[in-house]
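The residues making up each chain are set out below.
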Amino acid sequence: MAVVIFFILAAGALVFAANVVFRRNPAICAVNLVGVFFCLAGIYLLIGFPFLAALQLMVYAGAIMVLFVFVIMLLDLRQEEPRDTPMATMLAPLFAAVIVALLVTVLGDIKVSTRNLPTRAMGQTAAEGGKGLATALFSKNLLAFEATSLLLLVGILGVVLLAKRRHRASENLDAVLAAAKRPSDTGDASTAPSVIAEPTPEPDPDVVTTGGGTA
Amino acid sequence: MLLPAIILLPLVGAVICGLLHARGGDARKLAGPIASSAVLLALACSVALFLRLGESAIVYDGFTWISAGNLHIPFKLTFDQLSGFMALIVTGVGLLIHVYSIGYMAHDEGKAKYFAYLNLFIFAMSLLVLGANLPLLFVGWEGVGAMSYLLIGFWYDKDEGWPAKAGQKAFIANRIGDAGFVIGMFLLFKTFGTLDIATIAANPTAAAGTITLICLLLFVGATGKSAQIPLFVWLPDAMAGPTPVSALIHAATMVTAGVYMVSRMSFLFAQSAVAMAVVATIGAATALLAATIALVQRDIKKVLAYSTVSQLGYMFLACGVGAWSAAIFHVGTHAFFKALLFLGAGSVIHGLHDEQDSFKMGGLKKWMPTTFVTFLIGGLGLAGFPLTSGWFSKDEILWKTVNFGQTAGHLLWGIGALTALLTAFYTFRLVALTFFGEPRFDPEKMHPHESPKVMTVPLVILAVLALFGGWMGIPPVIAENANWIEHWLEAPLAAGTAIWTGTHPHAGHQGEVMFMTISSVIAVVGIAAGFALYRRGPERLAGLTRRLGPAHALLLGKWFIDELYELFILGPLALLSKAAAWFDLHVVDGVVNGIGRSCRRLSDLSGRLQSGHLQHYALWMAGGTTVLITWVIIQAWFQG
Amino acid sequence: MIASLSAVTEAAVQAGRGMQIETSWLMILAAALFSLGMLGFLIRRDLIVVFMSIELMLNATNLTFLAAARERMLDPDGQVYAVLVITVAAVEAAVGLAILIAFFRHRATLDIEVATELEG
């Protein structure tokens, strides 16, 4: 039974993935990607990792794809232009096909094996589900855990910095840029967004009071 | 202290003249007197040392010039009988020519430069004859070569740059000889471990083959400097320079440097019969060859130039038969009469406003009496008229040649005698064409005049020397123990004469008298024939010239030796250098540039890898991954 | 190949025989998903879709991890790695989208052909 469901889910994942790769409209691609995630979550469940199935749905489908969709809507993306076919577009499928073929030849024991692989029910008990995972995470793999959390922090900072609209550069940066760009300074920052933005003459209340703020 | 002064005084004079030249204007008039005074002082020093010279040489050992490993070369000068004699000639005749030049170059813009060069020449020549080791001698050797180049090409703008080309020819021919000289020096150092002449002379023996090779190499240098076969071709062309230069450098002094060097190294040459034979043969051959060419030349200076080559051949003939003192004797007398002849020719050219073609002269004895008389005396000396200086020295050489081995000695004597006949003939042909007969120019237009005192006085002094200078070498036939020069030069040549075994005096006093008579008869006959045939100008012999057409053309064309060199040596050399230039430009540069170009192209190509398109980079990664996976699988498959 | 397929169908028919999901099937699925993701990354022109392909590839690797972990259920490390991969993927998606937005502000388009400033 599980096998049947597995095949259905696998086929679904493949179909959805193909749609992601081959459809023109990015919104459709996003939705199909969600489909892939769902199918995969199902498969995780089938092979005995319920916790991860839940995590997959929550994080991937629930957070990451939401982000993607937000961005697509924010930037109002339309249909993608087709490409004139340079060499790259022809080589890529070749490499992909070759890799799949190779991997399949290596891994391709499609035969039924005699080992006893765990099922959903067994997975619940064997590693004690989420409990086993949590214990491992906080003891044996603590370093990885901490590093990842640091990474998350840095990521957050980076995202905030990158996505901020650059009206208000830092005070020092302001002065430097002003000195460098004085003749061409039009004080017009909102219409021409550029990485090195034109500094505006308006004072930045956040930055001026460096000495007076602290107490 | 006097010894280095001989060298330094002309050097100082040269510097002063150079400064005067740089200053320009009237100051340049001082150059002549200053230069002459420098040489006069140098002469005084030479005379003083000469009188003071006793048994052993006067040596000046100065600073260490080169000290590198085994090679130790001090700045050391030696004034012995041989070098002293040469120094006297150099400074003495040099002084006379300096004084003469004051008059000759009076109207020339570059006269201060001229006198600077002339003084530098005296400096270099003195260094050559006074050097105690071969490197110093070589420095002087090169120095005179350089000065010769500068002075030949002194009027480098005249005649579309011909004097400059002549200077280059002289320098290059000298250079070829110098290559041999230098290699000889290397070999000498390798064999004896030192280049000090006295040290080698004390112990000169070594392997026979090596000695012969060294001597031949040194002699190659001598053929270059002293204009012998095969490198004599520069001397006639050197007449492009001012006449006093021809007198000093290409008659009296520089060209005799080769003779001096061979005599200095007599102890080496004496050990090798082969080398001596080569020297003698080349000397004799050159003497005859040059004399034949001089027979038909029209230009006064060219006749005298070939005559010089011929007389130098005599000197080397003497060296080759072991008669080094006779060779040096002839150097001295030749300096007297040849310088005299050249200065006389200069006087004629000066008086005729730069006319040099003797066919266009004639009857000048009327207008230039002093020049005529002195020139006549010089001519008698050159021809070997009895009791002139030339007669004594030439006869000495011929006598020593006869006293050499059997057939060879006789053959060489025959060549020498024939050459003497030709010499007498062409000399008086020249005298007749220049001073006798009807003028073949327009006296009204040319206004020939005698030269000023400053030019004629040196002529007179030289004439006296040419007449009576032979008395320093009176042979024993005429008076016992009166051969001063042979006795004087005994000490420096002792090593050589001791080793030399080639002389076999096979005839006693009667033989000597007989040969002396033969020489005198030859001289008189030649003089008479030359004079008689050309007394009334060259047209008389036009018929004869036509009948002897091919022979005449051969001689007039200098045996076409220059053309042969051009065809067989210079032509291929030019082709070779063109090929080398092509190779250098296209292959060597090509490789270098090619490396640069290919690097550039490679970098352009590599640069295109970075297209900026992310997906291209990713594609490369994908490709790499594919290869890796394939590789791993293959490996596993082979192992499994 | 054909023999294996017939084996599978036969297994499916005899469903009650206690057939199990083979690890190799999971791996093959993961390989296919990965290749699809790589293909999308290489040939798509829209940056958003490129990012989505990256997420696809990450999921494929996650599946591989879990397929391997399934063989050794007593060792929770496999799941730990899978969790960490999901976390890192989340961060990467966030940062990547932020960059994407900045890029859009700069160039007013999300065409990957426009992003060629790394050339030379």
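A. Geometry of the overall build of chain A. Summing up its helical and strand segments, chain A has nine helices and zero strands in all. In chain A, the order of α-helices and β-strands from amino to carboxyl end is α-α-α-α-α-α-α-α-α. A separation threshold of at least 6 residues defines the contact pool for chain A, and within that pool the share at least 24 residues apart is 52%.

B. Region of interest: the overall build of chain B. Of the regular secondary structure elements, chain B holds 27 helices and two strands. Looking at chain B as a whole, 51% of its 640 residues qualify as buried. Look at the contacts in chain B between residues 6 or more apart in sequence, and 81% of them connect residues 24 or more apart.

C. The arrangement of the interface of chain A and chain B in detail. Taken together, the contact between chain A and chain B spans eight residues of the former and 10 residues of the latter. Its residues assigned to classes, the side of chain A that touches chain B shows eight nonpolar, no polar and no charged.

D. Layout of the confidence of the model for chain A. Overall, the prediction assigns chain A a mean pLDDT of 75, with 64% of residues at 70 or greater. Predicted confidence is poor over residues 184–215 of chain A, with pLDDT under 50, and the contacts of this stretch with residues over four places away or in other chains come to 30 contacts.

E. Region of interest: the packing of helix α18 (residues 406–435) of chain B against helix α23 (residues 509–534) of chain B. The geometry of α18(B) relative to α23(B) is characterised by a closest axis approach of 7 Å and an angle of 35 degrees between their N-to-C directions. Judged by the twist between their axes, the crossing of α18(B) over α23(B) is right-handed.

F. Focus on the interface of chain C and chain A. Between chain C and chain A, the contact holds 65 residues from the first and 77 residues from the second. Counting only elements with at least two residues in the side of chain C that touches chain A, the list comes to α1 (2–13), α2 (23–43), α3 (47–69) and α4 (77–107) of chain C. Split into classes, the residues belonging to the side of chain C that touches chain A amount to 47 nonpolar, 11 polar and seven charged.

G. Structural detail: the pairing of strand β2 (residues 71–79) of chain B. Residue and element names in this part refer to chain B. Direction of pairing for strand β1 (residues 58–68) relative to β2: antiparallel, over a ladder of eight bridges. By the bridge assignment, Ser67 is partnered in β2 with His72. The turn joining β1 and β2, which pair antiparallel and follow one another in sequence, is formed by two residues; a positive phi near 60 degrees is taken by Gly69.

H. The environment of Pro369(B), seen in detail. All names here are of chain B. By secondary structure assignment, the location of Pro369 is in helix α16 (residues 369–383). A residue is classified by how many C-beta atoms lie within 10 Å of it, and Pro369, with 13 of them, is partly exposed. Residues Pro369 and Glu450, spaced 81 residues apart in sequence, show a C-alpha to C-alpha distance of 7.4 Å.

I. View of unusual backbone geometry. Residues and elements named next belong to chain B. At the junction of Ile229 and Pro230, the peptide bond is cis and its omega measures out at 5 degrees in the coordinates. Following the sequence through the fold, Pro230 ends up in the loop between α8 (208–225) and α9 (234–237). Here Asp354, not a glycine, exhibits a phi torsion of approximately 70 degrees, which is positive. A tally of 7 C-beta atoms within 10 Å means that Asp354 is categorised as exposed.

J. Representation of the environment of Ile97(B). Residue and element names in this part refer to chain B. Following the sequence through the fold, Ile97 ends up in helix α3 (residues 81–104). Given 30 C-beta atoms within a 10 Å radius, Ile97 is considered buried. Between the alpha carbons of Ile97 and Ala247 there is a distance of 7.6 Å; along the sequence they are 150 residues apart.

K. Summary view of helix α14 (residues 300–320) of chain B. Its 21 residues place the ends of α14(B) 30 Å apart at the C-alpha level, agreeing with the 30 Å of an ideal helix rising 1.5 Å per residue. The element α14(B) is largely enclosed, with a buried count of 21 among its 21 residues.

L. The arrangement of the confidence of the model for chain B in detail. The pLDDT averaged across chain B works out to 88; a share of 99% of its residues lies at or above 70. Here the complex is predicted with pTM 0.68, and the ipTM for its interfaces comes to 0.83.

M. Seen up close, helix α11 (residues 257–264) of chain B. Extensive coverage of α11(B) is indicated by the burial of eight of its eight residues. Three or more residues of α11(B) are buried, namely Ala257(B), Gly258(B), Val259(B), Tyr260(B), Met261(B), Val262(B), Ser263(B) and Arg264(B).

N. Local environment of the environment of Ala22(B). Secondary-structure assignment places Ala22(B) in helix α1 (residues 2–23). Residue Ala22(B) is classed as exposed on the basis of its 12 C-beta neighbours within 10 Å.

O. Geometry of the packing of helix α5 (residues 134–152) of chain B against helix α6 (residues 162–192) of chain B. Residues and elements named next belong to chain B. Between α5 and α6, the shortest axis-to-axis distance is 8 Å and the interhelical angle comes to 170 degrees. Overall, the two elements α5 and α6 adopt an arrangement that is roughly antiparallel. Together, Leu134, Phe138, Glu142, Gly145, Ser148, Tyr149 and Ile152 of α5 and Pro163, Ala166, Gly167, Ala170, Phe171, Asn174, Asp178, Phe181, Met185 and Leu188 of α6 make up the contact between the two elements.

Reading the values: rules and limits
Residues numbered from 1 in each chain as written. Chains lettered and ligands numbered in written order. Predicted model: local features only at pLDDT ≥ 70, side-chain atom pairs only at ≥ 80, totals over all residues. Helix = DSSP H or I, 4+ residues; strand = E, 2+ residues; numbered from the N terminus. Contact = placed C-beta atoms within 7 Å. Buried ≥ 20, exposed ≤ 12 C-beta atoms within 10 Å, placed from the backbone. Nonpolar A, V, L, I, M, F, W, Y, C, P; charged D, E, K, R; others polar. pLDDT = per-residue confidence, 0-100. Axes fitted to C-alpha atoms, helices over the stretch in contact; angles between N-to-C directions. Left-handed = near helix turned anticlockwise from the far one by under 90°. Pairing = 2+ DSSP bridges. Expected span 1.5 Å × (residues − 1). Parallel < 35°, antiparallel > 145°, perpendicular 65-115°, else oblique.

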